[in-house]
Amino acid sequence: MADLQAIVDSVYYDLSDRIGEGKLADYIPELATVDPKQFGIALVTVDGQTHAAGDTETAFSIQSISKVFTLTLALGKIGDGLWKRVGREPSGNAFNSIVQLEQEKGKPRNPFINAGAIAVADVVLAGHLPKEAIGEIVQFIRHLADDESIAIDQNVARSETQTGYRNVALANFMKAFRNLDHPVEHVLGVYFHHCAIAMSCRQLAHAGLYLASAGRNPLNGGSVVSASRARRINALMLMCGHYDGSGDFAYRVGLPGKSGVGGGILATAPGKASIAVWSPGLNEVGNSQLGSAALELLAQRTGWSVFGQ
Ligand code: GLN
């Protein structure tokens, strides 16, 4: 077994002179206030060992990474019925693009672009008030991470509620095509709040462990989802988790991953480990620049890949 701590340390060390690279997501004003000179890598193995380097205890805005958890909840509620509402194909477009949504009559390409995640939020909202649905999502993530301290950053939620014009447009568009059951403001309330959940790399790696270990949380033995559902969520992450950068991420890293504009990426090495990296500077398609580089080096040095040795 490779010395994983040595690998994590070496990846951090080799990239440390690039800390601060990339551009903050300033279209959400609160995210533009984050110190860009931060970088963390946390890895939790399926047998429960944690290896970490850098800023792994600092909570950051998980943004679109939360879509992995809302997708898991929505599949738990309506199973394959979800695929009537949202597709399973990579979009090849920016995460907030509206073009395809018109051509495809209000059915988003996949659950990870904004439109798709808004449809997923509508599913999670069924039978609840918005605040109950938000509570359910936070509770689920706390349960996965085994950490009751995880919470929403209300400043980020407010900031995005005040400026999320494109998401308002996407939601109204879907509503016009009857692909939202609930009022647009309620659905967006759920969406903006789950995107504003703050977590550290360590908490995030822990929360994602069920995806690396056949749907079970190996730390408490609990089953989160079936093994086949975990595999399918990983497939969606691989194909769609980095928007129009998904192909490049698969080519360079070779692991399922989900990025967020807060600069975090959650990646799965099936049967091996759950990995969370964070550095706020983004590349041109909105994925963490240093985070992607860290996962590329980590995959090289561990030999982990879903495509072979
Ligand atoms: N909350 C963000 C938005 O809707 C999420 C985008 C992301 O992380 N890619 O724009």
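Computed from a predicted model, the values in this text were never measured in an experiment. (Residues numbered from 1 in each chain as written. Predicted model: local features only at pLDDT ≥ 70, side-chain atom pairs only at ≥ 80, totals over all residues. Heavy atoms only, no water.)

**Brief notes about the site of the ligand**
Test applied: If a single non-hydrogen atom of a residue is within 4 Å of a molecule or strand, that residue counts as near it. As used in this structure description, the phrase polar contact means that two N or O atoms lie within 3.5 Å; if the pair is within protein, one of them must be able to donate a hydrogen and the other to accept it, and residues adjacent in sequence are counted only when both atoms belong to side chains. Only the protein chains shown count as covering a residue, and every accessible area follows the Shrake-Rupley method with a 1.4 Å probe.
Every residue close to the ligand is listed here: Tyr27, Gln63, Ser64, Phe95, Asn114, Glu160, Asn167, Tyr191, Cys195, Tyr243, Gly260 and Val261. In this structure, Tyr27 approaches the ligand through a side-chain N or O atom, which is 2.4 Å from an oxygen atom. Between the ligand and the protein, one listed contact pairs an oxygen atom with a side-chain N or O atom of Ser64 at 2.6 Å. Protein chains shield 100% of the accessible area of the ligand, which is 300 Å² for the free molecule.

**Some thoughts on helix α8 (residues 184–195)**
Selection rule: A run of H or I in DSSP becomes a helix once it reaches four residues, and a run of E becomes a strand once it reaches two; helices and strands are each numbered from the N terminus. The length a helix should cover is 1.5 Å for every residue beyond the first. Only protein chains enter the accessibility calculation, which uses a 1.4 Å probe; a residue is then buried when its area is under 20% of its type maximum, exposed when over 50%, and partly exposed in between.
Taking 1.5 Å per residue as the helical rise, α8 with its 12 residues ought to reach 16 Å, and the 16 Å between its terminal C-alpha atoms agrees with that figure. Burial runs high along α8: nine of the 12 residues are buried. Taken residue by residue, α8 has Val184, Val187, Leu188, Gly189, Val190, Tyr191, Phe192, His194 and Cys195 as its buried positions.

**A look at the packing of aromatic side chains**
To keep it simple, the criterion reads: Ring pairs shown here join Phe, Tyr and Trp side chains whose ring centres sit within 6.5 Å, with only the six-membered ring taken for Trp; geometry is labelled stacked below 30 degrees between planes, edge-to-face above 60, and tilted in between. The criterion for a charge sitting over a ring is simple: Lys NZ or Arg CZ within 6 Å of the ring centre, and within 35 degrees of the ring normal.
Evaluated as defined, the whole model comprises six aromatic pairs. Each ring, one from Phe173 and one from Phe177, has its centre 5.8 Å from the other, and the planes form 50°; the classification is tilted. When the ring centre of Trp83 is taken as origin, the NZ or CZ atom of Arg88, which lies over that ring, is 5.1 Å away.

**Here we look at the pattern of salt bridges**
As a working rule, side chains carrying opposite charge can pair if their charged atoms are close by. We apply this condition: By definition here, a salt bridge exists when the distance from a side-chain nitrogen of Lys or Arg to a carboxyl oxygen of Asp or Glu is within 4 Å.
Inspection of every chain in the model, using the stated rule, returns 10 salt bridges. Note that Arg301 and Asp14 form a salt bridge whose closest N and O atoms lie 2.8 Å from each other. Of this pair, Arg301 sits in helix α13 (residues 289–302) while Asp14 sits in helix α1 (residues 4–15), and the two are 287 residues apart along the sequence. Judged by relative accessible area, which is 34%, Arg301 ranks as partly exposed. A salt bridge links Arg85 to Asp122; its shortest N-O distance comes to 2.6 Å. Taken together, the positions of Arg85 in the loop between α2 (66–78) and α3 (99–103) and Asp122 in helix α4 (residues 114–125) put the pair 37 residues apart, joining distant regions of the chain. Judged on exposure class, the residue Arg85 and its partner Asp122 are both buried. Because the salt bridges share partners, they merge into one network encompassing Arg85, Asp122 and Asp181.

**Describing the sheet that holds strand β1 (residues 40–45)**
Short version of the rule: By the convention used here, strands pair only if DSSP detects at least 2 bridges between them. Here an axis means a line fitted to C-alpha atoms, over the contact stretch when the element is a helix, while the angle between two N-to-C directions is reported on a 0 to 180 degree scale.
Read from one edge of the open sheet, five strands run β2-β1-β10-β9-β8, paired in antiparallel fashion. The open sheet has two edge strands with one neighbour each: β2 (50–54) and β8 (257–259). Here the average twist between neighbouring strands, direction ignored, is 10°. Two elements, β1 and β2, share five bridges in a ladder whose sense is antiparallel. Looking at β2, one finds that Ile41 is bridged to Ala53.

**Thoughts on the packing of α2 against α8**
The criterion, for reference: Should an angle fall under 35 degrees it is called roughly parallel, over 145 degrees roughly antiparallel, and 65 to 115 degrees roughly perpendicular, with every other angle called oblique. By definition, turning the near helix anticlockwise from the far helix through less than a right angle yields a left-handed crossing, and turning it clockwise yields a right-handed one. The contact criterion used is simple: two residues touch if any of their non-hydrogen atoms lie within 4.5 Å. As a working rule, the residues Ala, Val, Leu, Ile, Met, Phe, Trp, Tyr, Cys and Pro are called nonpolar, Asp, Glu, Lys and Arg charged, and the rest polar, with Gly in that last group.
At their nearest, the axes of α2 and α8 sit 9 Å apart, and the two run at 130° to each other. Taken together, α2 and α8 sit at an angle that is classed as oblique. For the pair α2 and α8, the crossing hand works out as right-handed. Contacts between α2 and α8 involve Ser66, Lys67 and Thr70 from the first element and Tyr191, His194 and Cys195 from the second. Considering only residue class, the contact of α2 with α8 consists of two nonpolar, three polar and one charged.

**A few points about the side chain of His206**
Along the chain, the position of His206 falls in helix α9 (residues 201–207). The contacts of His206, once residues within four sequence positions are left out, are Val44, Leu144, Ala145, Asp146 and Leu219.

**Some details on the sheet that holds strand β3 (residues 60–61)**
Sheet architecture is open: three strands sit in the order β3-β5-β4, paired in antiparallel fashion. With partners counted over all chains shown, the strands left at the sheet margins are β3 and β4 (151–152), one partner each. When β4 meets strand β5 (residues 197–199), the two strands line up antiparallel, connected through two bridges. Directly across from Ile152, in β5, lies its bridge partner Ile197.

**Section: the pairing of strand β10 (residues 273–278)**
Along β10, six of the six residues are buried, which leaves the element largely enclosed by surrounding structure. On β10, burial covers both faces: Ala273, Ile275 and Val277 on one face and Ser274, Ala276 and Trp278 on the other are all buried. Note: β1 against β10, six bridges, orientation antiparallel. Along β10, the bridge assignment pairs Leu43 with Ile275. Here strand β9 (residues 264–269) pairs with β10 via six bridges, running antiparallel. Directly across from Gly264, in β10, lies its bridge partner Trp278. Between the antiparallel neighbours β9 and β10 lie three residues, among them Gly271 with a positive phi of about 80°.

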